[in-house]
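# An overview of the molecular structure
Single-letter residue listing:
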Amino acid sequence: MHTGKRFTPIEFAKWTRKDTYWMLLLATVPTILYELGLKFLAIPLAPVAILGTSVAFIVGFKNNASYSRLWEARQIYGSIINDSRSFAYTLRDALGTDNNNIIQRMFYRHFAWLTALRYQLREPRSWENMQRYNNKEFQKEHYNIPERQTTLEDELLKFLSHEEQQYILSKKNRATQLTALQSEELAALRQKGLINDFQWTQLQQGLMKFTDDQGRAERIKNFPYPRNFSSIATYLLFIFVVMVPFGLLREFDKLGVGTFLEGYSIWLNIPFSAVVTWAFHTLDTVGESSVNPFEGSANDVPITQISRTIEIDMRDMLNESALPAPVMPENNIVL
């Protein structure tokens, strides 16, 4: 997540520069050919304008859907924050000070759940965009993805015993199995009489909320923006970008008639066509950069920072003095 007021013009220009070069090239070639005498290359502007209207609608629809996915992802992690705090003080107060070791073990297992979940959500998918050149370049220059810097094995060992760590690593869905261990321990505490039926029900409902939060996050992670909508937006945008310079040829050629620009105004087709096509293409790219909110981009939901915030709050409930440092933005980017 970008924490500054905005991306700077230089950052934005650099992020889109490869596409900008293509826009300039697509505008330059037909302009030169037209000036060399191939006047038939000019096409009527009306079909281009109609197509542009269609592209504007479908790009707007895509951007709305992208923002909805991003905002839902943020709501999910907002729910995880609240559910974690509720679970923590309910567990602490239910067990009391005589069972601090159990409370600490279950708190730490919850930290392991947060860790396993964020590692699962950062796993790459074939439809995600972090392998695109501009995203890889921006990430390399401005920030690091925490889940690429350390291994899950090492992170889990901070919170789990070696035996539990090995058990969890042997499972496919590590986050789910950690919740299952929490449920198993709650059942054992109930059988021992350390918590009553009402307390067990409350705590079990907390675990069910975590399961629901995890499932909602996994749904966004594992279900891409529908490929039919994504594909038609890409194809229509490509046709529009190619057609714009041809549709504006005659308009800019006539622009200079009777003025000192006569014979030269045709060259204005290059910058103006590039600007128009850049605007449409960049709007589509901006939407695409938010459509997968857990992939590790600069526009992601900051799940690492949120997980650390939860850990700090829960450790504080244990009255621990050596609290971990909060995750701070790196070049205005926090993940």
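First, a word on scope: everything that follows refers to the structure included in this document. (Residues numbered from 1 in each chain as written. Predicted model: local features only at pLDDT ≥ 70, side-chain atom pairs only at ≥ 80, totals over all residues. Heavy atoms only, no water.)

## What to know about the packing of helix H2 (residues 17-35) against helix H11 (residues 227-255)
The relative placement of two packed helices is expressed as an angle between their axes plus a distance between the axes. Interaxial distance between H2 and H11 falls to 9 Å at its minimum, and their mutual angle equals 45 degrees. The angle between the axes of H2 and H11 places the two elements in the oblique class. When you trace H2 past H11, the crossing you get is right-handed. Counted together, Met-23, Leu-26, Ala-27, Pro-30, Thr-31 and Tyr-34 of H2 and Val-241, Pro-245, Phe-246, Leu-249, Arg-250 and Asp-253 of H11 form the full contact between these two elements. (Axes fitted to C-alpha atoms, helices over the stretch in contact; angles between N-to-C directions. Helix = DSSP H or I, 4+ residues; strand = E, 2+ residues; numbered from the N terminus. Parallel < 35°, antiparallel > 145°, perpendicular 65-115°, else oblique. Left-handed = near helix turned anticlockwise from the far one by under 90°. Contact = heavy atoms within 4.5 Å.)

## Observations regarding the pattern of salt bridges
Within the structure shown, the criterion is met by 22 salt bridges. With a shortest N-O distance of 2.4 Å, Glu-72 and Arg-219 are connected by a salt bridge. A residue pair is termed long-range when its members are at least 10 positions apart, and Glu-72 in helix H3 (residues 45-95) and Arg-219 in helix H10 (residues 197-222) qualify at 147 residues. Take Glu-72: its relative accessible area is 21%, and that puts it in the partly exposed class. The partly exposed category is assigned to Arg-219, whose relative accessible area is 43%. (Salt bridge = Lys/Arg side-chain N within 4 Å of Asp/Glu carboxyl O. Buried < 20%, exposed > 50% of the residue type's maximum accessible area, 1.4 Å probe, protein only.)

## Examining the layout of surface pockets
Unoccupied space between atoms shows up once a probe the size of one water molecule is rolled over them. Taken as a whole, the largest pocket holds about 420 Å³ of empty space. By residue number, the principal contributor to the lining of the largest pocket is H11, which donates seven residues. (1 Å grid on protein atoms, 1.4 Å probe; cavity = no way out; pocket = protein on both sides within 12 Å on 5 of 7 lines; lining within 4 Å. Points joined across faces, edges and corners; volume = space filled by probe spheres on them.)

## Structural notes on unusual backbone geometry
Unlike most non-glycine residues, Asn-319 shows phi in positive territory, near 65 degrees. One can find Asn-319 in the segment after helix H13 (303-317). Its relative accessible area of 69% is what places Asn-319 among the exposed residues. A positive phi angle, near 55 degrees, is found at Asn-331, a position not held by glycine. Looking at the secondary structure, you find Asn-331 in the segment after H13.

## What to know about the side chain of Arg-174
By the element assignment, Arg-174 lies in helix H9 (residues 174-192). Although buried, Arg-174 forms no salt bridge, and the nearest oppositely charged side chain, Glu-153, lies 5.4 Å from it. A polar atom in the side chain of Arg-174 sits 2.7 Å from the backbone oxygen of Lys-171. Residues in contact with Arg-174, not counting those within four places in the same chain, are Ala-116, Gln-120, Leu-152, Ile-168 and Leu-169. (Lys, Arg positive; Asp, Glu negative; His and termini not counted. Polar contact = N/O pair within 3.5 Å; in protein donor to acceptor, adjacent residues only side chain to side chain.)

## A word on empty space enclosed by the protein
What the rule picks out here adds up to two cavities of 30 Å³ or more. When its volume is computed, the largest cavity comes out at roughly 50 Å³. When contributions to the lining of the largest cavity are tallied by element, the ones reaching two or more residues are helix H1 (9-15) and helix H5 (133-142). When residues of the lining of the largest cavity are assigned to their parent elements, the largest contribution, five residues, is made by H5. Of the residues that constitute the lining of the largest cavity, the class distribution is two nonpolar, two polar and four charged. In this structure, the second largest cavity encloses a volume near 40 Å³. Lining the second largest cavity, in full, are His-110, Trp-113, Leu-178, Thr-179, Gln-182, Leu-207 and Phe-210. (Nonpolar A, V, L, I, M, F, W, Y, C, P; charged D, E, K, R; others polar.)

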